[in-house]
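Remarks on the overall topology
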Amino acid sequence: MSGLISLLALTGALYMMQVYDRALTSGSVPTLAALSALALGLYLFQGAFDAIRSQVLVRIGARLDRKLGPIAHKVAIEMPRFGFSTTESLERGRDVDTVRGFLAGQGPAALFDLPWIPVFLAFVYILHPWLGVLTLTGAFVLAVLTIASEFLTRRHAAGTRAAAIARNAIADSNARNADVIRAMGFSGHAVARFKAANDEHLTLQTRTSDIAGTLSALSRVLRMLLQSGVLGLGAFLVIKGELTAGAIMAATVASGRALAPVDQAIANWKSFVAARASFARLRETIGALATAVQPMDLPRARRFLSVSNVTVAAPASGQVILTDMTLELRAGEALGIIGPSGGGKSTLVRALVNVWPTLRGSIRLDGAELGHWNEDALGRNIGYLPQDVALLDATVEENIARLDPSPDPDKVIAAATAAGIHELILKLPQGYRTPIGPQGSVLSAGQRQRVGLARALYGDPFLVVMDEPNSNLDTTGEAALKDAILAVKARGGIAIVVAHRPSALAAVDHIAVIQNGRLAAMGPRDEILSHGSGSSVHPLPDKLSRRKVS
Ligand SMILES: Nc1ncnc2c1ncn2[C@@H]1O[C@H](COP(=O)(O)OP(=O)(O)O)[C@@H](O)[C@H]1O
Ligand SMILES: [Mg+2]
């Protein structure tokens, strides 16, 4: 298509030459009319091909986006688990936008026109070799400028991107902490921190833009200089009697057209570099997913959970947080996990629900290691209430039903009832269909926690893991929590609850004490809770014995 467009772009030059050398010299109006009609037709074709080319490029971009957008988003969702900031993860999703934006813009047309420059060079060369050599020299100088801009901007591109991510991460964190910043009046400091990152980004950005802008201006001037040069040289050749007047005009137009793509390429170099970097990252992103084998579907778990010699490290830093954890629970049992803050309780929970990988050891449901489950099938076996409950920006119903587009209302209501929040949801403005808002602002912290509990209980998963589920609950909420644990046990599931307050432990059979990343003690609930700190079998943390006394 670009080849055709480039050939058709010779229309102007040929028309000019024919008008000067044929129509004007012969003084024939019919010749002029015929030439004009021909030129008009060719121009229309050129326009049509140009339009088709740009539509094709837009569609290629959209098709790429439709295919890769969801995959890139899946990676973006996964990345925070491995210690990347949300800003950095979202950047991955934006890579697709960058590539699509580039394909739909002026850049690709310029790049596709580059290989057709010889067509124009040849045309000018045929008119007169000297003119050809002059244009070729111009093209060479411009090409050197393009390569120079590539090398000069490449060095800064990565730094600029990193600076932009750092700046956006600060903006994101400030926005999320708006209440705290406002109440304690440190918006000045928050803005100053943003300003420092912004300045850094601006400095790099300015440097890149300076290089691109200077080279772009230089190339434009060179192009004009060359056009006038061709005209001057042509005039000299006419005076010498080696060229016709029409050929001068044609050579001027053709040499200008020959260099236009180079000029365009330099002008679009920045977006080309950005799109290329995005594309490389996308390939890496997609590659990372492509190597993951989707395991076979397994039947729902019904029998037991076994954790053997599990060691867990933080994915971001690789620092070992939990060492050599072993425990086993059968269907119908509930385990309470207690211990001081920072001991590793939430870490164990994250490993149990397959959010964090294990460094050593294995976690199995009905004998099958978590990693051997199909992701979605495993998810249906697991209910997880994280320590910091965050709800999705969707309706209450969609949140409870885990975004299932056509949830079974009975299952949603059953889960809400089990979490003791059914009546409360009915009182909301639009009941189950109430949108929760971007920060879950419709609900109080305690209500969010109970909607989170309902989501964990939705679909009767085999393993229900709750990380400090009662931290925001009142007495009715705690009673509902206890009933929910009893219900999980009654239907043959396994409940694991991390708790600081003993009220949440009323319904559990066993208690594990986790301290300094190790299992400090484990046993039947009453035995653990009644053991003094002097016990030699189950050494108990001071905190626990104090709690028992109170
Ligand atoms: N994402 C993380 N990256 C690195 N270290 C972490 C991360 N989350 C928690 N830790 C560290 O692991 C330790 C245990 O944390 P956690 O399991 O949350 O304790 P608990 O839930 O018992 O209060 C803490 O010292 C904490 O600093
Ligand atoms: Mg915790």
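For clarity, every value in this text was computed on a predicted model and none was experimentally measured. (Residues numbered from 1 in each chain as written. Chains lettered and ligands numbered in written order. Predicted model: local features only at pLDDT ≥ 70, side-chain atom pairs only at ≥ 80, totals over all residues.)

1. Structural notes on the overall build of the protein chain
- A count of helical and extended segments in the protein chain gives 20 helices and 10 strands.
- Taking 2.2 N^0.38 as the reference for a compact globule, 550 residues should give roughly 24 Å; the C-alpha atoms of the protein chain span a radius of gyration of 35 Å, well beyond that estimate.
- By its C-alpha atoms, the protein chain is 115 × 45 × 45 Å across when sized along the principal axes.
- Buried residues in the protein chain amount to 34% of all 550 residues.
- A separation of at least 24 residues holds for 74% of the contacts in the protein chain among residues at least 6 apart in sequence. (Helix = DSSP H or I, 4+ residues; strand = E, 2+ residues; numbered from the N terminus. Rg over C-alpha atoms; globule rule 2.2 N^0.38 Å. Buried ≥ 20, exposed ≤ 12 C-beta atoms within 10 Å, placed from the backbone. Contact = placed C-beta atoms within 7 Å.)

2. A word on the site of ligand 1
- For ligand 1, the full set of nearby residues is Ala-314, Ala-316, Ser-317, Ile-321, Gly-339, Ser-341, Gly-342, Gly-343, Gly-344, Lys-345, Ser-346 and Thr-347.
- For the shell around ligand 1, the element with the highest residue contribution is helix H12 (residues 345-352), accounting for 3 residues.
- The residue makeup of the shell around ligand 1, split by class, is 3 nonpolar, 8 polar and 1 charged. (Near = placed C-beta within 6 Å. Nonpolar A, V, L, I, M, F, W, Y, C, P; charged D, E, K, R; others polar.)

3. Description of the sheet that holds strand E2 (residues 320-330)
- Sheet architecture is open: 4 strands sit in the order E2-E1-E4-E5, paired in antiparallel fashion. Lying at the two open borders of the sheet, with one neighbouring strand each, are E2 and strand E5 (368-369).
- Across 2 bridges, the pairing between strand E4 (residues 360-365) and E5 is antiparallel. Each residue of the ladder has a partner; that of Leu-365, found in E5, is Ala-368.
- The sheet strands contacting H12 are strand E1 (304-313), E2 and E4, and the helix crosses E2 at an angle near 60 degrees. (Pairing = 2+ DSSP bridges. Axes fitted to C-alpha atoms, helices over the stretch in contact; angles between N-to-C directions.)

4. Considering helix H17 (residues 445-457)
- An ideal rise of 1.5 Å per residue puts 18 Å on 13 residues; H17 measures up with 18 Å between its terminal C-alpha atoms.
- Counting buried positions over the 13 residues of H17 gives 11, a clear majority of the element.
- All buried positions along H17 are accounted for by Gln-447, Arg-448, Gln-449, Arg-450, Val-451, Gly-452, Leu-453, Ala-454, Arg-455, Ala-456 and Leu-457.
- Looking at the buried residues of H17, the elements they touch are strand E6 (382-385), helix H14 (396-400), helix H15 (409-418), helix H16 (422-426), strand E7 (463-467) and helix H18 (475-490).
- Of the residues flanking the end of H17, it is Gly-459, one or two places downstream, whose phi is positive at about 80 degrees. (Expected span 1.5 Å × (residues − 1).)

5. Some thoughts on the domain arrangement of the protein chain
- As far as domains go, the protein chain holds domain 1 (2-285) and domain 2 (304-549).
- Taking only C-alpha atoms, the centre of domain 1 and the centre of domain 2 are 55 Å apart. (Domains from an automatic or database assignment.)

6. So, the packing of helix H4 (residues 86-104) against helix H7 (residues 129-176)
- Running from amino to carboxyl end, H4 crosses H7 at an angle of 120 degrees, the nearest separation of the two axes being 8 Å. Classified by the angle their axes make, H4 and H7 are oblique. Like other packed secondary-structure pairs, H4 and H7 cross with a definite hand, here right-handed. Packed against H4, whose contacting residues are Thr-86, Thr-87, Glu-88 and Glu-91, the element H7 presents Ile-165, Asn-168, Ala-169 and Asp-172 at the interface.
- Among the residues forming the contact of H4 with H7, the class breakdown is 2 nonpolar, 3 polar and 3 charged. (Parallel < 35°, antiparallel > 145°, perpendicular 65-115°, else oblique. Left-handed = near helix turned anticlockwise from the far one by under 90°.)

7. A short note on unusual backbone geometry
- Non-glycine residue Asp-324 carries a positive phi angle of around 50 degrees.
- For Asp-324, the position within the fold is in strand E2.
- Asp-324 gets classed as partly exposed once you count the C-beta atoms within 10 Å, which come to 13.
- At Leu-403, a position not held by glycine, the phi torsion is positive, near 65 degrees.
- Following the sequence through the fold, Leu-403 ends up in the loop between H14 and H15.

8. Some points on the pairing of strand E3 (residues 334-338)
- Of all 5 residues in E3, 5 are buried; the element is thus mostly enclosed.
- When E3 meets strand E8 (residues 494-498), the two strands line up parallel, connected through 4 bridges. The partner of Leu-335 across the bridge, within E8, is Ile-496.
- Taken together, the 4 bridges between E3 and strand E9 (residues 510-515) define a ladder with parallel strand orientation. Counted as the bridge partner of Ile-337 is Ala-512 from E9.

9. Examining the confidence of the model for the protein chain
- Mean pLDDT over the protein chain works out to 86, with 95% of the residues at or above the 70 mark.
- Note on residues 532-550: pLDDT is under 50 here. Beyond four places in sequence and across chains, it has 25 contacts. (pLDDT = per-residue confidence, 0-100.)

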